[in-house]
Amino acid sequence: MTVDIRNLGFRYGNTPVLRAISFRLDPGRFHALLGPNGAGKSTLFGLLTRLLALQQGEIRIAGTSLARHPAAVMGQIGVVFQHSALDPDLTVRQNLAYHAALQGLSRREARRRGDRELARFGLLERANERVRQLNGGHRRRLEIARALLHRPSLLLLDEATVGLDPASRAALNSHVRDLCRERALTVLWATHLIEEIRPEDRVLILHRGRLRADGTGQALCRALGGRDLADTFRTLTGGD
Amino acid sequence: MDASRYWHGFIGIQVREWRRFWQQRTRLASALVRPLLWLVVFAAGFRAVLGIAILPPYQTYITYETYIVPGLCGMIILFNSMQGALSMVYDRELGSMRVLLVSPLPRPFLLFTKLLAMAGVAVVQAGVFLALARLVGVQPPPAGYLAAVPALVLTSLMLGALGLLIATWIRQLENFAGVMNFVIFPMFFLSSALYPLWRMREASPWLYWACQLNPFTHAVEAIRFSLYLEWNPLAWGITGTVTLLLAALASTGFRPQRTRILSGRR
């Protein structure tokens, strides 16, 4: 599914956070949104998920305007927020059921899809445990499983690996890449960690509210003359 | 979007609220201790001080306990709504609120459903309290319990919407102590919950009018009259109108351009 962002701008009061950003996400591909903290990544996610209202510019998902047809578009999007959005006092299955209901799925359908996702994510035997009892890695996996419950074609992940140890981080990252391949999902993976990006990924570099670069990691290095992506990133963001 | 999606969403939100309630059973206990203290201790101490004349909807002289029970039902709902609404916006529920808001269902529908779910829980708490009050001799007609349910639901919707408004608009009241001091206590004491308003009028006309302007007064009167199977159109009218007004304001507060969910903690 194609995502078209045109001339997107956003300000909190008088402080501009995003300045006239335009880019396009290709269907079925893994895209990394790279930027230091405060670059505007979360604001961009807020706009894409309708938690913030559009001030300037346009967002089209599969050709449909988010502002004009929010219900149709929101049903196509799965979101994993930066901070956990699970209810720790409810069980794994109950958390999934709640999300499924909010997406308009019947309880039977929710249970069927939920169990299938849990099995795929290796969480089925924990289905009746409270979320509080899960470790950080399992929680993030559960959140991804939940985001996929209504079969979206676009998956947005806002620093999904925050707070995980390096091994879980790498596992989660490659898991999402598998999903992207298997289900032809369009993925936007926001991060400030360069090691989560592979040379063949499409990389969007956001810095101080502006889109500084857009291309595959390799192409960016070639074009900007960096030794590797980390070097290129430092050049672009001026090391500040 | 077809109706079944709305239905599944509606049921899902109700189920979640009850599950949370069941998981936090201690909350029920603490929600009941407060009004029971008022009923058993405070009312016993005050019954001698305050003589209550015959006033509608009561047909005979009543004990002070009998007088304050509807107000204490209101108190249960007041605490429940403020706690619920605040935790909806702040707290750990911050996350689950996001899950709610990214649903493709329309936001006013989601918020109303959520308020209704909170009202259901509050009505059950008030019901348990009324049953306990019966043991200490506050015995309205049995049909009154049923008649009071719509009044309790309406009160809960009104206060829930108010709580949401407060939580979205006034960031300084982020902690519950602030809400206690500036919302719950004034609303509760400046109302007919603990004393009939004619007594207030004797004390000070200003306070009397403050009580009359307080929608909580009318909510308590709606509960009181319903509990004794009397119809009070003024109380219902005011409570209903204020509920609609607050609900409309609260739902505009949750339109995307106003959502502080993302920026609220900056």
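Computed from a prediction, not measured in an experiment: that's the story for all the values here.

So, the overall build of chain B
At step 1: Of the regular secondary structure elements, chain B holds 11 helices and zero strands.
At step 2: For chain B, buried positions account for 42% of its 266 residues.
At step 3: Contacts spanning at least 24 positions in sequence make up 80% of the contacts within chain B whose residues lie at least 6 apart.

Concerning the overall build of chain A
At step 1: Along the backbone of chain A there are eight helices and 10 strands.
At step 2: For 240 residues, the compact-globule estimate of 2.2 N^0.38 gives 18 Å, and the C-alpha radius of gyration of chain A, at 18 Å, lies within 12% of that figure.
At step 3: Taking the principal axes of the C-alpha coordinates as reference, chain A spans close to 50 × 40 × 35 Å.
At step 4: Buried positions account for 46% of the 240 residues belonging to chain A.
At step 5: In chain A, once contacts between residues fewer than 6 apart in sequence are set aside, the share between residues at least 24 apart is 65%.

Topic: the interface of chain B and chain A
At step 1: Across the boundary between the two partners, chain B contributes 27 residues, which contact 31 residues of chain A.
At step 2: Secondary-structure elements contributing two or more residues to the side of chain B that touches chain A are helix H1 (3–23) and helix H4 (94–101) of chain B.
At step 3: Of all the elements, H1 of chain B adds the most residues to the side of chain B that touches chain A, at nine residues.
At step 4: For the side of chain B that touches chain A, the class distribution of residues is 11 nonpolar, 10 polar and six charged.

A short note on helix H5 (residues 107–135) of chain B
At step 1: For H5 of chain B, which comprises 29 residues, the first-to-last C-alpha distance of 43 Å matches the rise-based estimate of 42 Å (1.5 Å per residue) to within 8%.
At step 2: Among the residues trailing H5 of chain B, glycine 137 of chain B stands out with phi positive, at a value near 95°.

Looking at the UniProt feature "domain: ABC transporter" (unreviewed entry) in chain A
At step 1: UniProt records the feature "domain: ABC transporter" (unreviewed entry) at residues 3–233 of chain A, using the numbering of this structure.
At step 2: A distance of 24 Å separates the end C-alpha atoms of residues 3–233 of chain A, which is 35% helix and 27% strand.

Considerations on the UniProt feature "transmembrane region" (unreviewed entry) in chain B
All names here are of chain B.
At step 1: In the UniProt entry, the feature "transmembrane region" (unreviewed entry) is given for residues 36–55, 67–90, 111–133, 145–167, 179–198 and 234–254.
At step 2: As annotated, residues 111–133 comprises 100% helix and 0% strand, and the C-alpha atoms at either end are separated by 33 Å.
At step 3: Secondary structure content for residues 179–198 is 65% helix and 0% strand, while the C-alpha to C-alpha distance between its ends is 28 Å.

Things to note about unusual backbone geometry
With glycine set apart, most residues show a phi of negative sign, and most peptide bonds adopt trans.
All names here are of chain A.
At step 1: Unusually for a residue other than glycine, alanine 20 sits at a positive phi of about 40°.
At step 2: Tracing the backbone through its elements, the reader meets alanine 20 in strand S2 (residues 15–25).
At step 3: Not every positive phi belongs to a glycine, and arginine 151 is a case in point at roughly 55°.
At step 4: Mapped onto the fold, arginine 151 is located in the loop between helix H5 (136–148) and strand S7 (154–158).

Topic: the sheet that holds strand S3 (residues 30–34) of chain A
Residue and element names in this part refer to chain A.
At step 1: Strands sit in the order S6-S7-S8-S3-S9-S10 across an open sheet of six strands; the sheet is mixed. What marks the edges here is a single partner per strand, and that holds for strand S6 (77–80) and strand S10 (210–216). Ignoring strand direction, the axes of neighbouring strands in this sheet form an average angle of 15°.
At step 2: Pairing geometry for S6 and S7, over four bridges, is parallel. Across the sheet, residue valine 80 finds its bridge partner in S7, namely leucine 157.
At step 3: Lying over the sheet, H5 contacts S6 and S7, oriented at roughly 165° with respect to S6.

A few points about the environment of serine 30 of chain B
Residues and elements named next belong to chain B.
At step 1: Mapped onto the elements of the fold, serine 30 is located in helix H2 (residues 25–46).
At step 2: Since 10 C-beta atoms lie within 10 Å of it, serine 30 is described here as exposed.
At step 3: Between the C-alpha atoms of serine 30 and asparagine 181, which are 151 residues apart in sequence, the distance is 19 Å.

A few points about the sheet that holds S2 of chain A
At step 1: Read from one edge of the open sheet, four strands run S2-S1-S4-S5 (chain A), paired in antiparallel fashion. On the outer flanks of this sheet lie S2 and strand S5 (64–65) of chain A, each paired with one strand and no other.

Some remarks on the confidence of the model for chain B
Residues and elements named next belong to chain B.
At step 1: In this model, chain B carries an average pLDDT of 85, and 87% of its residues clear a pLDDT of 70 or more.
At step 2: Looking over chain B, one finds the lowest element-wise mean pLDDT in H4, namely 75, and the highest in helix H10 (residues 215–227), namely 96.
At step 3: Confidence estimates for the predicted assembly give a pTM of 0.86 and an ipTM of 0.85.

Some points on the domain arrangement of chain A
Residues and elements named next belong to chain A.
At step 1: Taken as a whole, chain A is organised into domain 1 (3–76 + 153–237) and domain 2 (90–151).
At step 2: A straight line from the C-alpha centre of domain 1 to that of domain 2 covers 25 Å.
At step 3: Taken together, the contacts link eight residues of domain 1 with eight residues of domain 2.
At step 4: Looking at the side of domain 1 that touches domain 2, the element that brings in the most residues is helix H6 (residues 166–183), giving three residues.

Topic: the nonpolar core
At step 1: Core analysis: the biggest nonpolar cluster contains 140 residues, and Cys73 and Ile76 of chain B have the highest contact counts within it.
At step 2: At 15 residues, the largest contribution of residues to this core is made by helix H3 (residues 64–89) of chain B.
At step 3: Here this core spans two domains, and each of domain 1 (3–76 + 153–237) and domain 2 (90–151) of chain A adds at least three residues to it.
At step 4: Apart from the residues lying within four places of it in its own chain, the contact partners of isoleucine 76 of chain B are Ala31, Pro35, Ala122, Gln125, Ala126 and Phe129 of chain B.

Some remarks on the pairing of strand S1 (residues 3–12) of chain A
Residue and element names in this part refer to chain A.
At step 1: The sheet contact formed by S1 and S2 spans seven bridges and is antiparallel. Residue pairing for S2: arginine 11 is matched across the bridge by proline 16.
At step 2: Linking two consecutive strands that pair antiparallel, namely S1 and S2, is a turn of two residues; a positive phi of about 60° is found at glycine 13 within it.
At step 3: Across five bridges, the pairing between S1 and strand S4 (residues 56–61) is antiparallel. Its bridge partner lying in S4, valine 3 is registered against isoleucine 61.

So, the environment of serine 226 of chain B
All names here are of chain B.
At step 1: Mapped onto the fold, serine 226 is located in helix H10.
At step 2: Of the residues examined, serine 226 has 26 C-beta atoms within 10 Å and is grouped as buried.
At step 3: For the pair serine 226 and proline 150, spaced 76 residues apart in sequence, the C-alpha to C-alpha distance is 8.7 Å.
At step 4: Discounting residues that sit within four places of it in the chain, serine 226 has contacts with Gly144, Ala147, Ala148 and Ala151.

Reading the values: the criteria
Residues numbered from 1 in each chain as written. Chains lettered and ligands numbered in written order. Predicted model: local features only at pLDDT ≥ 70, side-chain atom pairs only at ≥ 80, totals over all residues. Helix = DSSP H or I, 4+ residues; strand = E, 2+ residues; numbered from the N terminus. Buried ≥ 20, exposed ≤ 12 C-beta atoms within 10 Å, placed from the backbone. Contact = placed C-beta atoms within 7 Å. Rg over C-alpha atoms; globule rule 2.2 N^0.38 Å. Nonpolar A, V, L, I, M, F, W, Y, C, P; charged D, E, K, R; others polar. Expected span 1.5 Å × (residues − 1). UniProt positions renumbered as here; feature names shortened; annotations may be inferred. Pairing = 2+ DSSP bridges. Axes fitted to C-alpha atoms, helices over the stretch in contact; angles between N-to-C directions. pLDDT = per-residue confidence, 0-100. Domains from an automatic or database assignment. Core = buried A, V, L, I, M, F, W, Y, C linked by C-beta atoms within 7 Å.

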